[in-house]
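Next come the chains, spelled out residue by residue.
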Amino acid sequence: MKRIEVWADMVCAWAYIGKRRLEQADLGEDVEIVWRPYLIDPMAPARSEPLQDALRDPVAEGALRACHPALTPAENRARVSRVAAAERIGEHADDGGRRWGAVWRANTFDAHRVIALAYGRGGAALQDAVVERILRAHFVEGSDIGDRGTLAALAAEAGLGGMTEALERGEGAAEVRSELLRGKAVGIATSPTFVVGDTAVAGAQPPEVLADLVRHAAPRRELPDEVRWLRQAEALLGVRDPLGALRTLEPLMAEHGEDPAVRLLAARAYFGSAQLGRASETLESLLERTPGDHYARFLLGRTLERANRHPEALPHLRLAAAMSPEPDYLDALRRVEHRLAG
């Protein structure tokens with residue numbers, strides 16, 4: 001069975017349009033659709049606020065550009081209204097008319113928790129029903145999907161009960177945080193993004209494009225968990241999320257904490273997050289076992305330099321530059337020498 005992952009936020013109108021187009025695509029029978037979390041507005045307040053008020057805030061307006069980076073939020077709303085009408089979204093509103101348009105700036109972390117729990121408890125069919133109910137509530141009915149009581153009621157209408165208690169117990173939170181990190185590591189940057197295997201297309205693509213994605217995407221290479229976690233941590237460091245890298249490394253640190261590759265990645269993440277004491281401790285321990293690791297030596301020198309311990313940094317930077325005269329090593333060495341000479 002092929003799986004298409006839909007990385008999307010429930011407050012992104014293009015996610016709703018993308019869902020309609022996915023439903024129209026000729027995917028074949030042996031395809032599972034799974035919804036994954038993405039946050040276009042991670043700074044949204046815990047308590048929802050009227051969207052019109054929020055759009056006066058440049059920070060909120062900038063965040064909402066992630067729903068369609070090429071358009072301003074105002075341009076996006078005008079265009080999406082026309083497309084939603086073409087896709088017949090909201091046509092059968094309760095009063096028989098057509099409605100379209102969000103009312104609230106909502107924090108969707110809990111909505112993503114409910115969606116993840118729906119998949120865990122009832123599979124793709126139940127998850128799809130819950131996603132549809134949440135999207136319709138937000139864009140057609142003007143409901144506040146940041147409110148837990150509202151979410152629990154919507155989930156129950158879609159066939160998923162017990163969400164009031166589940167949300168209070170914190171269920172789904174760890175899974176959503178983990179998936180958000182995975183999405184960031186693999187480069188998800190737009191809602192929606194459709195992924196099959198190792199191939200992705202961004203945006204609410206036409207049905208034929210989505211069908212071609214399913215037919216022609218290369219299967220994902222299955223990797224051991226340890227390799228996957230290492231690669232994800234490396235990718236998160238590459239996008240300057242050292243705290244995310246540390247969270248990814250937690251299971252590896254617990255089971256393979258003495259592995260040099262794990263320790264070096266952890267040290268890089270400690271350095272990147274300004275946890276200089278932990279970085280130096282980890283690097284010193286690593287160098288006791290692998291004294292010829294010139295990068296670890298350089299990073300220890302940089303850590304000590306950043307901590308204003310320049311006399312201690314100097315010998316490590318000299319050794320690193322002697323072992324491998326990389327430009328970064330030489331620049332750091334000259335900088336510390338100049339500081340000590342002055």
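This is a predicted model, so every value here is computed, not measured.

*Asks:* I would appreciate a short explanation of the packing of helix α10 (residues 225-238) against helix α11 (residues 242-256) in the present structure.
*Replies:* Put simply, α10 and α11 touch, their axes get as near as 8 Å, and they point 155° apart. The angle between α10 and α11 places the two elements in the roughly antiparallel class. For the element pair α10 and α11, the recorded crossing hand is left-handed. Only P242, G244, A245, T248, L249, P251, L252 and H256 of α11 make contact with α10, whose side of the interface consists of E226, W229, L230, Q232, A233, L236 and L237. Partitioned by chemical class, the residues of the contact of α10 with α11 number 10 nonpolar, 4 polar and 1 charged.

*Asks:* Help me understand the side chain of H316 in this model?
*Replies:* The residue H316 is located in helix α15 (residues 310-323) in this model. A distance of 3.2 Å separates a polar atom in the side chain of H316 from a polar atom in the side chain of R297.

*Asks:* I would appreciate a short explanation of α15 in the present structure.
*Replies:* Here α15 spans 20 Å end to end across 14 residues, near enough to the 20 Å set by a 1.5 Å rise per residue. On its buried face, α15 is in contact with α14 (294-306) and α16 (327-341).

*Asks:* How should I be thinking about α16 in this particular structure?
*Replies:* An ideal rise of 1.5 Å per residue puts 21 Å on 15 residues; α16 measures up with 21 Å between its terminal C-alpha atoms. Within the span of α16, buried status applies to Y329, A332, L333 and V336. Down the axis of α16, the sector holding all buried residues measures 100°, keeping them to one side. What points out from α16, more than 90 degrees from its buried face, is the exposed set P327, R334, H338 and A341. Buried residues along α16 sit in contact with α14 and α15.

*Asks:* What am I meant to see in unusual backbone geometry here?
*Replies:* Note: most residues except glycine have negative phi, and most peptide bonds are trans. At the junction of S191 and P192, the peptide bond is cis and its omega measures out at -5° in the coordinates. Assignment of secondary structure puts P192 in the loop between α8 (173-186) and β5 (193-196). Even without a glycine there, the phi angle at R240 is positive, about 60°. Take R240: it is sitting in the loop between α10 and α11. Residue R240 is classed as exposed on the basis of its relative accessible area, which comes to 78%. Positioned with a positive phi, A274 is a non-glycine residue whose angle comes to about 65°. Inspection of the secondary structure puts A274 in the loop between α12 (260-272) and α13 (276-289).

*Asks:* Is there a simple way to think about the pattern of salt bridges in this case?
*Replies:* Opposite charge on two side chains allows them to pair when their charged atoms are near. Summed over all chains, the structure comprises 33 salt bridges. Taking the shortest distance from any N to any O, the salt bridge between R268 and E234 comes out at 2.9 Å. Note that R268 is positioned in helix α12 and E234 in helix α10, a separation of 34 residues in sequence. Here D331 ties to R334 by a salt bridge, and the two come within 3.6 Å at their closest N and O atoms. Highlighted residues: D331 and R334, both in helix α16, separated by 3 residues, approximately one helical turn. By relative accessible area, which is 40% here, D331 ends up partly exposed. Within this structure, E5, R36, E179, R182, D198 and R220 form a network of salt bridges that share partners.

*Asks:* Explain the nonpolar core to me, please; I cannot follow it from the model alone.
*Replies:* Ranked by size, the top nonpolar core spans 58 residues in total, and within it V130 and I145 carry the most contacts. Of all the elements, helix α5 (residues 109-139) adds the most residues to this core, at 12 residues. If near-sequence neighbours (up to four positions away) are discounted, V130 is found in contact with V114, I115, A118, A158 and L160.

*Asks:* Would you explain the pairing of β5 in this entry?
*Replies:* The side chains of a regular strand alternate between both faces of the sheet. Burial along β5 is two-sided: T193 and V195 and F194 and V196, pointing in opposite directions, are all buried. In the sheet, strand β1 (residues 2-8) pairs with β5 via 4 bridges, with the strands oriented antiparallel. Bridging from a neighbouring strand, I4 pairs with V196 of β5. Looking at chain direction, β5 and strand β6 (residues 199-202) are connected through 4 bridges and run antiparallel. When the bridges of β6 are listed, V195 appears paired with A200. Connecting the antiparallel pair β5 and β6 is a turn made up of 2 residues, with G197 showing a positive phi of about 60°.

*Asks:* Please clarify how the sheet that holds β5 should be interpreted in this entry.
*Replies:* Two pairing modes exist for strands in a sheet, parallel and antiparallel, and in both the strands are linked by backbone hydrogen bonds. Spatial ordering of the open sheet is given by β2-β1-β5-β6, a layout of 4 strands whose pairing is mixed. Looking along the sheet, the strands with just one partner apiece sit at the ends: β2 (31-37) and β6. Each adjacent strand pair in this sheet contributes to an overall mean axis angle of 20°, direction not counted. The strands that helix α9 (residues 207-216) touches are β1, β2, β5 and β6; relative to β1, the one it contacts most, it runs at about 135°.

The rules behind the values
Residues numbered from 1 in each chain as written. Predicted model: local features only at pLDDT ≥ 70, side-chain atom pairs only at ≥ 80, totals over all residues. Heavy atoms only, no water. Axes fitted to C-alpha atoms, helices over the stretch in contact; angles between N-to-C directions. Helix = DSSP H or I, 4+ residues; strand = E, 2+ residues; numbered from the N terminus. Parallel < 35°, antiparallel > 145°, perpendicular 65-115°, else oblique. Left-handed = near helix turned anticlockwise from the far one by under 90°. Contact = heavy atoms within 4.5 Å. Nonpolar A, V, L, I, M, F, W, Y, C, P; charged D, E, K, R; others polar. Polar contact = N/O pair within 3.5 Å; in protein donor to acceptor, adjacent residues only side chain to side chain. Expected span 1.5 Å × (residues − 1). Buried < 20%, exposed > 50% of the residue type's maximum accessible area, 1.4 Å probe, protein only. Arc of directions from axis to C-beta. Salt bridge = Lys/Arg side-chain N within 4 Å of Asp/Glu carboxyl O. Core = buried A, V, L, I, M, F, W, Y, C linked by side-chain atoms within 4.5 Å. Pairing = 2+ DSSP bridges.

Shape is all these values report; function is a separate question.
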